2 protein chains.
Amino acid sequence: MSESFEQLWTDLSAIGRDPHTGGYRRGGWTETERAATAWFVDQCTSRGLDVQSDGIGNLVAWWGPSTGQGVVTGSHLDSVLDGGAFDGPLGVVSALAAVDQLRAEGFQPSVPIGVGAFVEEEGSRFGMPCLGSRVAAGVLAPEKALALQDRTGVTLSDALSDAGVDPAGVGPSPLLDRMGTFVELHVEQGRALTAPVGVASSIWPHGRFRFTFGGEANHAGTTLMEDRHDPMLTYAMTALAANKQARLAGARATFGRLSVEPNGTNAVPSQVTAWLDARAASTEILDSLLVAITRQAAERAERDGTTVEVTAESVSPVVDFPAGLRDRLAGVLDGAPILPTGAGHDAGVFSDAGIPTAMLFVRNPTGVSHSPAEHAEMDDCLAGVDALATVLKDLAR
Amino acid sequence: MSESFEQLWTDLSAIGRDPHTGGYRRGGWTETERAATAWFVDQCTSRGLDVQSDGIGNLVAWWGPSTGQGVVTGSHLDSVLDGGAFDGPLGVVSALAAVDQLRAEGFQPSVPIGVGAFVEEEGSRFGMPCLGSRVAAGVLAPEKALALQDRTGVTLSDALSDAGVDPAGVGPSPLLDRMGTFVELHVEQGRALTAPVGVASSIWPHGRFRFTFGGEANHAGTTLMEDRHDPMLTYAMTALAANKQARLAGARATFGRLSVEPNGTNAVPSQVTAWLDARAASTEILDSLLVAITRQAAERAERDGTTVEVTAESVSPVVDFPAGLRDRLAGVLDGAPILPTGAGHDAGVFSDAGIPTAMLFVRNPTGVSHSPAEHAEMDDCLAGVDALATVLKDLAR
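Residues numbered from 1 in each chain as written. Chains lettered and ligands numbered in written order. Predicted model: local features only at pLDDT ≥ 70, side-chain atom pairs only at ≥ 80, totals over all residues. Heavy atoms only, no water.

- Under an unreviewed UniProt entry, the name given to chain A is Allantoate amidohydrolase, and the source organism is Kribbella lupini.

Structural data, given as structure tokens:
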């Protein structure tokens, strides 16, 4: 078995890796993401699995009984900009390897087992995380999805057409009709897991907020400091406040994306737009975190003679995975630890859509993810495959 | 006379004004800048002036004796991104109007009077302020100038070719051989002038420094705040420190341009690059300002587990305009106030090149410049034309 996983991992990891940074830019429907997807389809086909696709391009490859509901496991093949090798692909490769292991053991599933890959989970191209699963679950309307644009103005509709896919087919997915249970294996992302494998309890509430800081463009060399209305200063104070408030609340707050107007070296900016990513253990904590950051931003804007507007671009409530399924997994895995995560996943979308859903995490020794330095030890990856095989055997027996 | 200035001003101001913002984007050799230049050439030709151009496209239109050294006055027609109407064009239009006024008075210059327009003074397209005057004065080598690139990767060489100009002609300018004296009229830019018209004493030293803050990309939702190496925090603290230190030093410090990697909402950045524009009354103050800002940046980087590197992209020493010429202008202008400026100008380049140079400033009631809100009152503009005519009459008598 271990040879199989290692070979699969080596093959997939090579696809689209930047030779300089070691990272990936597998945005949805890009050349590198399509290459990874083609590799996945080849792997499924060579195993004799029945590969099914829906209109937006989510894939499930079935093993076992050809009809009826079953257990689907898998993850995604796209990446954030300059992402690492594990986030997404580990779940897909582990699913293939677990199926190989069960077959090698002579296991015969009594319900179908599906290996899935869901498109544009990171939202790195079209700005909508879990795009494929949201459309599949019917929580994102096809017309809204198709109108999404990437940073160069290409719509999802255009991207699908360019990939030879008819946009008219985008909508709620028949694949989900057969998804009796969903289990996603994923690399853990925050140093919270000290055992090789754990089971998810919940996904933290998550908000993306756009802060627009408005000021007055002016000459950087001549304008007296006291005459300025510099939105960069208001932003800078807000970024520091967000960090401090998140620490106080045991939460997370990040300003990782910025846009400056006119962005000239010799000009006091007229506007700074900054996106806050905030997550916390409960909606109450998330709300009060945002209130605290917004209050400090407004106070500083008053001092700077600038303005600040806060727009919630998306706010996701907590996802509590069903306790019965969670405890069943922890049980067959000999009391594996149970822990929450701050990261969104397709598993959260499917769980919200009413599909009994669970997640397995594989230990991440540094907590680094969304980075080329993202890593899990091979022994832990193999423990993850073993755990997934054990869970599938229990759920499909 | 006043009709002439107002009509000229109305005509030129209309060229390339954005109907929404009221601002201008007249980068060098762009369509709008070329239109303004064509208007200028038409105006000179219709007055019977002898329009001469050098290899990079600087223009001087001569009146009076057809040979020998004379007095050149003028400014530039390009703008910063989203700039205002006055910075540059006021000096060009005032020069035309002053010549009109002197002719109407029947004045006969004993030396040539030239009306000049110098290209890409702002450096908003190719990143090099005073590009035209630097090349003309021989302080910027033609091969370096021609290799400069705009934000889309177009070189100056390409831009000139596209404009029908042979790049081989770029180099030290014969126009300067006839420039016995240079006088630039410019809108004042910092609320420092309370009379309608003033005379420049000096241009402050000016540095552009690139700060590169390095950290570690990571997942914004899962990475514990205490596990992060977030260069955005180091940058934010540095931006606030720059503001504070500039206030303490009576200087100017601005972070107006930023680049974030990977610039994703859900990613702790791996790198933030920020450009500091710093100016002060003396090189000593500028040096100690940079030391203070760099020290605070380094201290914060230590706390954040990030790195900071500072690269000087350009540092210009003080320009002291010759005292004799300065006092002569102030004298004929009935004791007009004498004041320094924090802004760079072609006048500084020509002065450094050994050409006796002076500047006149027209009052700016708000100090706003490099912005669509940049403004001078019409009465002050007319006072500027009168002052310039008086100065030309004195220098060319």
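Concerning the overall build of chain A
Phase 1 of the analysis: When helices and strands are counted, chain A shows eleven helices and 15 strands.
Phase 2 of the analysis: The principal-axis extents of the C-alpha atoms in chain A amount to approximately 80 × 45 × 40 Å.
Phase 3 of the analysis: For chain A, the residues scored as buried account for 60% of the 397 residues in total.
Phase 4 of the analysis: Considering only residue pairs separated by 6 or more positions, chain A has 78% of its internal contacts joining residues 24 or more positions apart.
Phase 5 of the analysis: When the accessible surface of chain A is totalled, it reaches about 14,100 Å², and 50% of it is carbon and sulfur.
Phase 6 of the analysis: In chain A, 28 side chains carry a positive charge and 49 a negative one; their mean positions are 4 Å apart. (Helix = DSSP H or I, 4+ residues; strand = E, 2+ residues; numbered from the N terminus. Buried < 20%, exposed > 50% of the residue type's maximum accessible area, 1.4 Å probe, protein only. Contact = heavy atoms within 4.5 Å. Areas by Shrake-Rupley, 256 points an atom, 1.4 Å probe, with all protein chains shown as cover. Lys, Arg positive; Asp, Glu negative; His and termini not counted. Charge placed at Lys NZ, Arg CZ, Asp CG, Glu CD.)

Points about the pattern of salt bridges
Phase 1 of the analysis: All chains considered together, the criterion is met by 26 salt bridges over all chains.
Phase 2 of the analysis: The closest approach of N and O atoms between Asp394(B) and Arg328(B), which form a salt bridge, is 2.6 Å. Placement of Asp394(B) in helix H11 (residues 378-395) and of Arg328(B) in helix H9 (residues 323-332) is noted, with a sequence separation of 66 residues between them.
Phase 3 of the analysis: Overlapping salt bridges bring together Arg328(A), Asp394(A) and Arg397(A) as one network. (Salt bridge = Lys/Arg side-chain N within 4 Å of Asp/Glu carboxyl O.)

Re the side chain of Glu121(B)
Residue and element names in this part refer to chain B.
Phase 1 of the analysis: With respect to the secondary-structure elements, Glu-121 resides in the loop between strand E4 (113-117) and helix H4 (131-137).
Phase 2 of the analysis: At 8.5 Å, Arg-279 is the nearest oppositely charged side chain to Glu-121, a buried residue that forms no salt bridge.
Phase 3 of the analysis: In this structure, Glu-121 is in contact with His-76, Asp-78, Pro-129, Cys-130, Gly-344, His-345 and Asp-346, ignoring residues within four places of it in sequence.

Quick word on the relation of the copies chain B and chain A
Here the two chain copies are tied together by a rotation about an axis and a shift along that axis.
Phase 1 of the analysis: Note on the identical chains: chain B maps onto chain A by a rotation of 180 degrees and an axial translation of 0.1 Å, with an RMSD of 0.1 Å. In the structure described here, the two chain copies are related by an operation that fits a two-fold rotation axis. Rotation axis and chain B: the residue whose C-alpha lies nearest the axis is Ala236(B), separated from it by 2.2 Å.
Phase 2 of the analysis: Counting the interface residues of chain B, we find that 100% of their copies in chain A are interface residues as well, pointing to one common contact surface. (Least-squares fit on C-alpha atoms with pLDDT ≥ 70 in both.)

Describing unusual backbone geometry
Phase 1 of the analysis: Here the bond from Glu261(A) into Pro262(A) is cis, since omega is -5 degrees, no more than 30 degrees from zero.
Phase 2 of the analysis: Phi is positive for Trp29(A), which is not a glycine, with a value near 65 degrees.
Phase 3 of the analysis: In this structure, Trp29(A) sits in the loop between helix H1 (2-13) and helix H2 (31-46).
Phase 4 of the analysis: One non-glycine residue, Cys130(B), lies in positive phi territory at about 55 degrees.

Some thoughts on the pairing of strand E1 (residues 50-53) of chain B
Phase 1 of the analysis: Pairing between E1(B) and strand E2 (residues 59-63) of chain B: four bridges, direction antiparallel. Among the inter-strand pairings, Ser53(B) is bridged to a residue of E2(B), identified as Leu59(B). (Pairing = 2+ DSSP bridges.)

Focus on the packing of aromatic side chains
How two aromatic rings sit relative to each other is given by the distance of their centres and the angle of their planes.
Residues and elements named next belong to chain A.
Phase 1 of the analysis: One pass over the structure, following the stated rule, counts 21 aromatic pairs over all chains.
Phase 2 of the analysis: A centroid spacing of 5.7 Å and a plane angle of 85 degrees characterise the contact between Phe-118 and Phe-182, whose relative ring orientation is edge-to-face. With a gap of 64 residues between them, Phe-118 in the loop between strand E4 (113-117) and helix H4 (131-137) and Phe-182 in strand E5 (residues 179-187) connect regions that are remote in the sequence. Of the two residues, Phe-118 and Phe-182, both sit in the buried class.
Phase 3 of the analysis: Centroid distance Phe-211 to Phe-255: 5.4 Å. Interplanar angle 85 degrees. Geometry classified as edge-to-face. (Phe/Tyr/Trp six-rings, centres within 6.5 Å; stacked < 30°, edge-to-face > 60°.)

Quick word on the sheet that holds strand E7 (residues 206-214) of chain B
Residues and elements named next belong to chain B.
Phase 1 of the analysis: Pairing is antiparallel across the open sheet formed by four strands, whose spatial order is E9-E11-E7-E12. Since the sheet does not close on itself, it has two edges, and those belong to strand E9 (252-261) and strand E12 (307-316), each with one partner. In this sheet, neighbouring strand axes are inclined to one another by 20 degrees on average, regardless of whether the strands run parallel or antiparallel.
Phase 2 of the analysis: Pairing analysis gives nine bridges linking E7 to E12, with the strands arranged antiparallel. In the strand pairing of E12, Phe-209 is matched with Ala-312. (Axes fitted to C-alpha atoms, helices over the stretch in contact; angles between N-to-C directions.)

Quick notes on the interface of chain B and chain A
Phase 1 of the analysis: At the interface, 64 residues of chain B touch 64 residues of chain A.
Phase 2 of the analysis: Regarding the contact of chain B and chain A, the summed buried area is about 5,400 Å², with carbon and sulfur atoms giving 53% of it.
Phase 3 of the analysis: Area buried by chain B at its contact with chain A is led by Met225(B), Arg252(B) and Thr265(B), which between them contribute 13% of it.
Phase 4 of the analysis: Between chain B and chain A we count two salt bridges in total.
Phase 5 of the analysis: Across the pair Asp227(A) and Arg191(B) runs a salt bridge whose closest N-O atoms are separated by 2.5 Å.
Phase 6 of the analysis: Inspection of the chain B/chain A interface yields 19 residue pairs in polar contact (both at pLDDT 80 or more).
Phase 7 of the analysis: Listing elements by their share of the side of chain B that touches chain A, those giving two or more residues are strand E8 (218-219), helix H7 (231-249), E9, strand E10 (267-268) and strand E11 (271-279) of chain B.
Phase 8 of the analysis: Here the element with the most residues in the side of chain B that touches chain A is H7(B); it accounts for ten residues.
Phase 9 of the analysis: Class assignment of the residues belonging to the side of chain B that touches chain A gives a composition of 26 nonpolar, 21 polar and 17 charged. (Buried area = accessible area lost by both parts, 1.4 Å probe. Polar contact = N/O pair within 3.5 Å; in protein donor to acceptor, adjacent residues only side chain to side chain. Nonpolar A, V, L, I, M, F, W, Y, C, P; charged D, E, K, R; others polar.)

Some details on H2(A)
Quick reminder: α-helices carry 3.6 residues per turn. Residues three or four places apart thus point the same way.
Phase 1 of the analysis: When the terminal C-alpha atoms of H2(A) are compared, their 22 Å separation across 16 residues agrees well with the 22 Å that a helix rising 1.5 Å per residue should span.
Phase 2 of the analysis: Following H2(A) by one or two positions, Gly48(A) has its phi on the positive side, about 75 degrees. (Expected span 1.5 Å × (residues − 1).)

Some words on the environment of Leu102(A)
Residues and elements named next belong to chain A.
Phase 1 of the analysis: Summarising the element assignment, Leu-102 is placed in helix H3 (residues 89-104).
Phase 2 of the analysis: Among the residues examined, Leu-102 registers a relative accessible area of 0% and is labelled buried.
Phase 3 of the analysis: Between the C-alpha atoms of Leu-102 and Leu-81, which are 21 residues apart in sequence, the distance is 35 Å.
Phase 4 of the analysis: Non-local contacts of Leu-102, meaning those with residues more than four positions away in its chain, are made with Trp-63, Phe-107, Ile-113, Ala-389, Leu-392 and Lys-393.

Quick notes on the pairing of strand E15 (residues 357-362) of chain A
All names here are of chain A.
Phase 1 of the analysis: Counting buried residues in E15 gives six out of six residues, a clear majority hidden from the surface.
Phase 2 of the analysis: A two-sided burial pattern is seen for E15, the buried positions comprising Thr-357, Met-359 and Phe-361 on one face and Ala-358, Leu-360 and Val-362 on the other.
Phase 3 of the analysis: Strand direction decides the pairing type here: E5 and E15, joined by six bridges, are parallel. Bridging from a neighbouring strand, Phe-182 pairs with Thr-357 of E15.
Phase 4 of the analysis: Two elements, strand E6 (residues 197-203) and E15, share three bridges in a ladder whose sense is antiparallel. By the bridge assignment for E15, Gly-198 is matched with Phe-361.

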